[in-house]
Amino acid sequence: MNKDLPFQNHIHHLKSRTQKHASYPDRFWVPDEMVSWDIDFPEYRPVNYTSPKVLDPSTSWADPADVAKIRSRFSSTIKLNASGFPLNPIGRTGICSRGVIGKWGPNFAADGLITTINPQGKILVLAITRSDTGEYAIPGGMVDPGESPIATRNRELEEEISLSVDDLKNPVFENIIYTGYGDDPRNTDNAWMETTVFHSHFNFEAASNMKPKAGDDAVDFSWLELSNGNISKFFSSHPYFLMLALENLKKHGIS
Ligand code: RP5
């Protein structure tokens, strides 16, 4: 992690504590200094919320309500509370249980961050507009059982923005720039997002030949200039991922 970069929300998970999600009740207020589980906070009364959709037994992507049934899945690095529930690795969020998140503990996603440089020398990123929060986002989604992160990335680019595997051939470079916690407004004390971010850079001709079309959870798409103003409008920890992409471009001698 590069500590000098701005937009590191996941360090204090600001959005996980303060951003109102449409379907969530108001969170119990957690001030910055009370986030860590290591700090005593006897008044802490997180709001218990799990969406009816998550609790519906026919929802195939959700864990059973009884966490004991899936506890063996957790790696030894995941802390459990006294009742055996997994604890968010950053700390308190003001909501316990799962919210709209299907799995107890970490929920794995993959993101496809695509950049190009236009003839005017501006760095552009391919962004979607999310249907749930209305924010810009890098296209991405949840890893299906048995799926590799790169396969998820490819599937999500196809589902959300109609890019084919052929469109993704021959990037100037492509590599993973981040794996870990995402400061997602749906996170709770017991369920949270972790993601793998693939950065692929294309020359302008290849990018112009892509014919993106918004679909699935995306209501729109755009090639957005990577200005600080635009970066700050992105969903979850995506602003930080975009800073990492700018660093990655520099590392590759581009920009
Ligand atoms: C974010 O949520 C991830 O970085 C990824 O972009 C996204 C996955 O959730 P859905 O888009 O499937 O709702 O935390």
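Because the structure is a prediction, the values reported are computed rather than measured.

Participant: Account for the packing of aromatic side chains, with residues named and values stated.
Facilitator: As enumerated under the stated definition, the model contains 9 aromatic pairs in all. One aromatic cluster is present, formed by Phe 28, Trp 37, Phe 41 and Tyr 44 through successive ring pairs. Over the ring of Phe 235 we find Arg 130; its NZ or CZ atom is 4.0 Å from the centre of that ring. Seen from the ring of Phe 198, Arg 153 lies directly overhead, with NZ or CZ sitting 5.6 Å from the centre.

Participant: Let's hear about helix 7 (residues 238-251): which residues, and what values?
Facilitator: With 14 residues, helix 7 ought to run about 20 Å at 1.5 Å a step, and its terminal C-alpha atoms sit 20 Å apart, in line with that. When you tally the buried positions in helix 7, you get 11 out of 14 residues, the bulk of the element. Buried within helix 7 are the following residues: His 238, Pro 239, Tyr 240, Phe 241, Leu 242, Met 243, Leu 244, Ala 245, Leu 246, Asn 248 and Leu 249. Backbone geometry just after helix 7 places Gly 253 at a positive phi near 75 degrees.

Participant: Any chance you could break down the site of the ligand for me, citing the residues and the numbers?
Facilitator: Taken together, the neighbourhood of the ligand is formed by Asp 111, Arg 130, Gly 140, Gly 141, Met 142, Asp 184, Arg 186, Met 193, Thr 195, Phe 235, Ser 236 and His 238. Side-chain polar atom of His 238 to an oxygen atom of the ligand: 3.0 Å apart, as the coordinates give it. Against a free-state accessible area of 360 Å², the protein chains account for coverage of 92% of the ligand. Of all the secondary structure elements, the ones that give two or more residues to the shell around the ligand are strand 6 (140-142) and strand 8 (191-201). Here the shell around the ligand gets 3 residues from one element, more than from any other, and that element is strand 6.

Participant: Hey, could you go over unusual backbone geometry for me, with residue numbers and the actual values?
Facilitator: Not every positive phi belongs to a glycine, and Phe 7 is a case in point at roughly 65 degrees. As for its placement among the helices and strands, Phe 7 is situated in the segment before helix 1 (9-12). The phi dihedral of Asn 170 is positive, around 60 degrees, even though this residue is not glycine. Mapping Asn 170 onto the fold places it in the loop between helix 4 (149-161) and strand 7 (173-182). With a relative accessible area of 67%, Asn 170 lands in the exposed category.

Cut-offs and rules
Residues numbered from 1 in each chain as written. Predicted model: local features only at pLDDT ≥ 70, side-chain atom pairs only at ≥ 80, totals over all residues. Heavy atoms only, no water. Phe/Tyr/Trp six-rings, centres within 6.5 Å; stacked < 30°, edge-to-face > 60°. Lys NZ or Arg CZ within 6 Å of the ring centre and 35° of its normal. Helix = DSSP H or I, 4+ residues; strand = E, 2+ residues; numbered from the N terminus. Expected span 1.5 Å × (residues − 1). Buried < 20%, exposed > 50% of the residue type's maximum accessible area, 1.4 Å probe, protein only. Near = heavy atom within 4 Å. Polar contact = N/O pair within 3.5 Å; in protein donor to acceptor, adjacent residues only side chain to side chain. Areas by Shrake-Rupley, 256 points an atom, 1.4 Å probe, with all protein chains shown as cover.

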